[in-house]
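Structural characterization, general
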Amino acid sequence: MRPRVSVGSPDRMSAHSRSETRLDVAGALASHAREFERVFGGGSHTRLFFSPGRINLMGAHLDYNGGPVMPTAVDRGTFIAVRARRDRRVVLASTLEDSKALEVDLDSLPSARMARWSDYPLGVVIELALIARASDREKELSGLDVLFGGNLPVGAGLSSSASICVGTAFALDAAWKLGLARMDLVDAALRAERNFVGVQCGIMDPYAVGLARSNSLLWLDCKDRTYSYLPLDTETLSIGVADSLVRRELAQGAFNERVAQCREAFEVLSRRQTDATCLRDIRFDTLTEYQHELSSTARKRAHHVIPEVARTFAARSSLQRGDAEGFGAEMFRTHASLRDLFEVSVPELDTLVDSAAGAEGCLGARLTGAGFGGCAVLLVQKGSEASVQARLTLDFTARFGRAPRVDFYGGDSGPREISR
Ligand code: GLA
């Protein structure tokens, strides 16, 4: 029987079939608060925040090309504990890193990144301090002790970076009583990553985290930043994450390279189709007619991006028709294109996706995030989670001599303060 993706209430929590993998956010944050006191000592009121990670189901490498994307937030993410200080120092520490805490002064914030994890939250401190300065409120900002932690795999394609940046923006806004609108916080997080950390990322990740709703996919059009929600029937479908556990150190450089190659394709093709404002606007017939003017690399990148726009619209129609198999088929096509044309896959991810294609009850799979390692996202019929997990583990272990991590996550409703 075809599973239906029907219109359901986005706010209804799903009865998750694998409750042992669900996150107890309040419990996890309570232990994070104890850790905060161990690091910074006891004292006045500490505020606790949670910010989710995200998975993208369709629209791979489309955000910086102006295309549509379909991400959703997961119930794994960043924990942030914050307490005001009496001075103007901001101290950023993490339970996930061995390195020492970073301490900066609000009156002399650094202007260059340090190539450490703390660049992400520090970029956000700088952005929010700039906003406060613009309204003459900079001197009102207090110093802060901040402890980060969480349970989202880092560098795995689940956007731990947007999770930390958007979460930091929400936590600082609350601690400094800035009263900024949600979209201002999301945009500040995006600027932090682009301007301070130096990744030329698109808008998808901070928007997916900041605008998340449970049991829904976000439909975000990255050309005009309009968005809506597509209900996901979690009674019949589960979203899985298969982590190859491959982490590529140089992924940031390779990502920026893809952005540049897409820009090159746009610059050449938009001379032939002058109404185009981004690569997403280029028609397939323009591409085929003028592809000889592109370098072989730019040609391959454009042959991923332009059909991926069509696949993403087709996937949305499948979802709206309740055709989960049709949606899953687009995911498999996307993976093949990411592997052969965009060249961001690795053998470990290809093995996971091939194995998913042969697993009973697995409707779709593709690498998620930028690629170069990390995770594959799986669309699985409810009830088939254990058999899909077993099949992927078996095939992967036979080839690589070690097991991947296959989990089924719940959805999440976005960054928030969690009272103790
Ligand atoms: C990374 C980037 C996103 C997006 C994806 C690929 O996660 O941060 O902006 O480009 O890769 O879809």
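Each remark here, short or long, concerns the structure printed above.
Structural notes, computed from the coordinates. Note on numbering: residues in each chain are counted from 1, in written sequence order. Given that the model is predicted, a residue must reach a pLDDT of at least 70 before its local features are reported, and side-chain atom pairs must reach 80 or more before they are shown or counted; all residues, however, enter totals for whole chains, interfaces and linings. Just so you know, side-chain values use all the structure's heavy atoms and leave hydrogens and water out.

Here the focus is the overall build of the chain. Looking only at helices and strands, one finds eleven helices and 13 strands in the chain. On C-alpha atoms alone, the chain measures out to a radius of gyration of 21 Å, which is about the 22 Å that the 2.2 N^0.38 rule sets for 420 residues. The principal-axis extents of the C-alpha atoms in the chain amount to approximately 60 × 50 × 40 Å. By the convention used here, residues are in contact when the closest approach between their heavy atoms is within 4.5 Å. Put simply, 73% of the contacts in the chain that link residues at least 6 apart link residues at least 24 apart. When the accessible surface of the chain is totalled, it reaches about 16,800 Å², and 49% of it is carbon and sulfur. For the chain, the distance from the average site of its 52 positive side-chain charges to the average site of its 53 negative ones is 1 Å. Strands here are runs of E lasting at least two residues and helices are runs of H or I lasting at least four, both read from the DSSP assignment and numbered beginning at the N terminus. With the radius of gyration taken over C-alpha atoms, the globule rule is written as 2.2 Å times the number of residues to the power 0.38. The protein chains shown are the only cover counted for residues, whose accessible areas, like all others here, come from Shrake-Rupley with a 1.4 Å probe. All tallies of charge rest on Lys and Arg as positive and Asp and Glu as negative; His and the ends of each chain are not included. The atoms used to mark charge sites are NZ of Lys, CZ of Arg, CG of Asp and CD of Glu.

Once that is clear, we can look at the layout of surface pockets. Using a grid of 1 Å spacing that covers the protein atoms alone, one calls a set of points a cavity when a 1.4 Å probe fits there but cannot get out, and a pocket when the set is open and has protein on both sides within 12 Å along at least five of seven lines; lining residues are those with an atom within 4 Å of a point. Grid points are joined across faces, edges and corners, and a volume is the space filled by probe spheres set on the points. By volume, the second largest pocket amounts to about 200 Å³. Around the second largest pocket, the lining comprises 13 residues; the ones closest to its centre are Y64, N65, V259, C262 and R263. Top contributing element to the lining of the second largest pocket by residue count: helix 6 (residues 251-269), with four residues. Broken down by class, the residue content of the lining of the second largest pocket amounts to seven nonpolar, four polar and two charged. Each residue is assigned to one class: nonpolar for Ala, Val, Leu, Ile, Met, Phe, Trp, Tyr, Cys and Pro, charged for Asp, Glu, Lys and Arg, and polar for all the others, Gly among them.

This part covers the pattern of salt bridges. The salt bridge definition used is simple: a Lys or Arg side-chain nitrogen within 4 Å of an Asp or Glu carboxyl oxygen. Applying the stated criterion across every chain yields a total of 30 salt bridges. Of the charged contacts, one joins R76 and D75 as a salt bridge, the two residues approaching to 2.9 Å between their closest N and O atoms. Summarising the burial analysis for this pair, R76 and D75 share the class buried. Look at the salt bridges and you will find they share partners, linking R85, D87 and D145 into a network. Buried residues are those whose accessible area, probed at 1.4 Å on protein chains only, stays under 20% of the maximum for their type, while exposed residues exceed 50% and partly exposed ones sit between those limits.

A word on the sheet that holds strand 13 (residues 416-417). The pairing of strands in a sheet comes from backbone hydrogen bonds and takes either a parallel or an antiparallel form. When DSSP finds two or more bridges between two strands, those strands count as paired. The six strands lie next to each other as 5-4-6-3-1-13, forming an open sheet whose pairing is mixed. The sheet is open, and its two edges are formed by strand 5 (102-105) and strand 13, each paired on a single side. Relative to strand 13, strand 1 (residues 47-56) runs antiparallel, the two being bridged by two bridges. Its bridge partner being in strand 13, F49 is matched across the sheet by E417. Where helix 1 (residues 25-40) meets the sheet, it contacts strand 1, strand 3 (71-84), strand 4 (89-94), strand 6 (144-150) and strand 13, and its direction lies at approximately 135° from that of strand 6. Where helices are involved, their axes are fitted lines through C-alpha atoms of the stretch in contact, as for all axes, and angles between N-to-C directions lie from 0 to 180°.

Being near a molecule or strand, for a residue, comes down to having at least one heavy atom within 4 Å of it. The ligand sits among R54, A60, H61, D63, Y64, C201, G202, M204, D205, F255, G369 and A370. A 3.5 Å cut-off defines polar contacts: any pair of N or O atoms within that distance qualifies, except that in protein one atom must be a possible hydrogen donor and the other a possible acceptor, and neighbouring residues in sequence count only when both atoms are side-chain atoms. H61 has a polar backbone atom sitting 2.8 Å from an oxygen atom of the ligand. Backbone polar atom of G202 to an oxygen atom of the ligand: 3.1 Å apart, as the coordinates give it. Relative to its unbound accessible surface of 310 Å², the ligand loses 92% to contact with the protein. Taken together, the residues of the shell around the ligand sort by class into six nonpolar, three polar and three charged.

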